[in-house]
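# Per-entry structural report
Given next are the chains, with one letter for each unit.
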Amino acid sequence: MTHPLEIRTDGRKNKVKIEYMADGYQLVKSKKKGEAWVNLRRPTQEQMLRPTAVSSYVSSLSDVASDFVDMYLNEGQIDDLKSAMSKVVTESTGMLCFNKRLGCLEGASVIGSAVANTELKEATGKIEQAKAEGRLQEFIQGPSLLYALLTHPDMTPEMVQSVILDLFVAGVESTTNVLCFLWYELAKNQDKQQKLQEEIATFGDNNEITKESLLQMPYLKACVKEIMRQYPPSPSICRQLEEDTVINGYNVSAGVSVFKYLKHEEP
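Every chain is numbered on its own, with residues counted from 1 as its sequence reads. Residue-level local features of this predicted model are given only where pLDDT is at least 70; pairs of side-chain atoms are given and counted only at 80 or more, and the full residue set underlies all totals for whole chains, interfaces and linings. With hydrogens and water stripped out, all remaining heavy atoms of the structure feed into the side-chain values.

## Some remarks on the packing of aromatic side chains
Only the six-membered ring of Trp is used, alongside the rings of Phe and Tyr, when aromatic pairs are assigned; centres must lie within 6.5 Å, and planes under 30 degrees apart are stacked while those over 60 apart are edge-to-face, with the rest tilted. Evaluated as defined, the whole model comprises four aromatic pairs. Seen from their ring centres, Phe-68 and Trp-183 are 6.1 Å apart, and the 75° between their planes marks the pair as edge-to-face. Of the two residues, Phe-68 is situated in helix H3 (residues 58-73) and Trp-183 in helix H8 (residues 157-188); the sequence distance between them amounts to 115 residues. Following the ring pairs from residue to residue traces out a cluster consisting of Phe-68, Tyr-72 and Trp-183. The helix count covers DSSP runs of H or I at least four residues long, the strand count covers runs of E at least two residues long, and both are numbered beginning at the N terminus.

Printed below as a string of structure tokens:
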């Protein structure tokens, strides 16, 4: 169960106040290129970007968010916003990858690479045993990106390890930054925060976020997209040219790395 709260800044860097509201609802790298990169990313995208696949994670991630809110409501404020966001994102990544709580919200110190390697080794052994016993489908219970990738015919354990480590090393940091900026902008723009809370309160299912209710929250989606526009998690993307080309009148040779900056100044 989530609780109504208000987010506001008290003027100090990286500090956010949390207060009850009378009415409302809580807000809550692979270096491969070309075909090799596509072959690595395609199975991952199937599990993480398709709406039908993503929807299977909503319930477990909502539980993490609710526990996070419960933890901080009694304290009244978050003294270190980035640290708090990092905890909830790491805990959520654990649910996404392993369908397992890592204990970050209870104070566990989690090193992403160590956790990923341990879980990968354990899961690989269990899957091989399940295959040998002819009970693979019976064995895989609940949404787990790790098991989905390990059982994908085009993915090797080494490829899976690369993807999982990316999520814990680069994914946690970038998602943490996006959430920090989202909370910051909502704290500055109280009218926008109120509008978002009203939308969530209207379409939330008994104060719980479900895959069905998310489809009815266009303003929530707009808020996230606006933060991604203003504060992109990566300031640029880099691609290595496979052939000679011309960019803005300049001849650029094959093999040169070209950077595209992603900062958007205009809405």
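From this point, the narrative continues.
## Digging into the packing of helix H4 (residues 81-98) against H8
Remark: H4 packs on H8, axes separated minimally by 8 Å, with the N-to-C direction vectors making an angle of 135°. The angle between the axes of H4 and H8 places the two elements in the oblique class. With respect to the hand of their crossing, H4 and H8 are arranged in right-handed fashion. Along its contact with H4, which presents Leu-81, Lys-82, Met-85, Ser-86, Val-89, Thr-90, Thr-93, Gly-94, Cys-97 and Phe-98, the element H8 presents Ile-164, Leu-167, Phe-168, Val-172, Glu-173, Thr-175, Thr-176, Asn-177, Leu-179, Cys-180 and Trp-183. Under the convention adopted here, Pro, Cys and the residues Ala, Val, Leu, Ile, Met, Phe, Trp and Tyr are nonpolar, Asp, Glu, Lys and Arg are charged, and Gly plus all remaining residues are polar. Here the residues of the contact of H4 with H8 are counted per class, giving twelve nonpolar, seven polar and two charged. An axis is simply a line fitted to the C-alpha atoms; with a helix, the fit covers only the stretch in contact. Between two such axes, the angle follows the N-to-C directions and lies from 0 to 180 degrees. What sets the label is the angle itself: under 35 degrees gives roughly parallel, over 145 gives roughly antiparallel, 65 to 115 gives roughly perpendicular, and the rest give oblique. Handedness of each helix crossing follows the sense of rotation of the near helix against the far helix: counterclockwise by less than a right angle gives left-handed, clockwise gives right-handed. Contacts are assigned to residue pairs that have any heavy atoms within 4.5 Å of one another.

## Some words on the pattern of salt bridges
Two side chains carrying opposite charge are able to pair once their charged atoms lie near each other. The salt bridge definition used is simple: a Lys or Arg side-chain nitrogen within 4 Å of an Asp or Glu carboxyl oxygen. Overall, the coordinates contain eight salt bridges when judged by the stated rule. Across the pair Lys-192 and Asp-191 runs a salt bridge, and its minimum N-O distance is 2.9 Å. Residues Glu-226 and Arg-229 are paired through a salt bridge, measuring 2.6 Å at the closest nitrogen-oxygen approach. One end of the pair, Glu-226, and the other, Arg-229, are both in helix H11 (residues 218-230), three residues apart, so they sit about a helical turn from each other. Connected through shared salt-bridge partners, Asp-67, Glu-91 and Arg-101 make up one network.

## As for the nonpolar core
The biggest cluster of nonpolar side chains holds 26 residues, and the ones touching the most others in it are Leu-145, Leu-146, Val-160 and Ile-164. The set of elements that each furnish at least two residues to this core consists of H4, helix H5 (112-132), helix H7 (145-150) and H8. Contact partners of Leu-146, with chain neighbours within four places excluded, come to Cys-97, Phe-98, Glu-119, Leu-120, Ala-123, Val-160 and Ile-164. Grouped together as the second largest cluster of nonpolar side chains are 16 residues, Leu-81, Met-85, Val-89 and Cys-180 included. In this text, buried Ala, Val, Leu, Ile, Met, Phe, Trp, Tyr and Cys residues form a nonpolar core when linked through side-chain atoms within 4.5 Å. In this scheme, a residue with accessible area under 20% of its type's maximum is buried, one over 50% is exposed, and one in between is partly exposed, where area comes from a 1.4 Å probe on protein chains only.

## What to know about the environment of Glu-208
Examined against the element boundaries, Glu-208 turns out to sit in the loop between helix H9 (190-203) and helix H10 (211-214). Sequence separation of Glu-208 and Ser-59 is 149 residues, and the distance between their C-alpha atoms is 8.7 Å.

## So, H8
With 32 residues, H8 should cover 46 Å at 1.5 Å per step; its first-to-last C-alpha distance of 45 Å lies within 8% of that length. The quantity called bend is, for any residue, the angle between two axes fitted respectively to the seven residues ending at it and the seven beginning at it. For H8, the principal kink sits at Gly-171 and spans about 40°. The span expected for a helix works out to 1.5 Å for each residue beyond the first.

## Looking at the side chain of Gln-193
In this structure, Gln-193 sits in helix H9. What makes Gln-193 buried here is its relative accessible area of 1%. Think of a polar contact as two N or O atoms within 3.5 Å of one another; within protein, one of them needs to be a possible hydrogen donor and the other a possible acceptor, and neighboring residues in sequence only count if both atoms come from side chains. Of the polar contacts made by the side chain of Gln-193, one reaches the backbone oxygen of Leu-186; its length is 3.0 Å.

## What about unusual backbone geometry?
One non-glycine residue with positive phi stands out, namely Asn-99, at about 55°. Note on Asn-99: relative accessible area 30%, which makes it partly exposed. Residue Asn-248 is not a glycine yet carries a positive backbone phi of 50°. Along the chain, Asn-248 falls in the loop between strand S5 (245-247) and strand S6 (250-252). Looking at Asn-248, the relative accessible area reads 74%, which means it is exposed.

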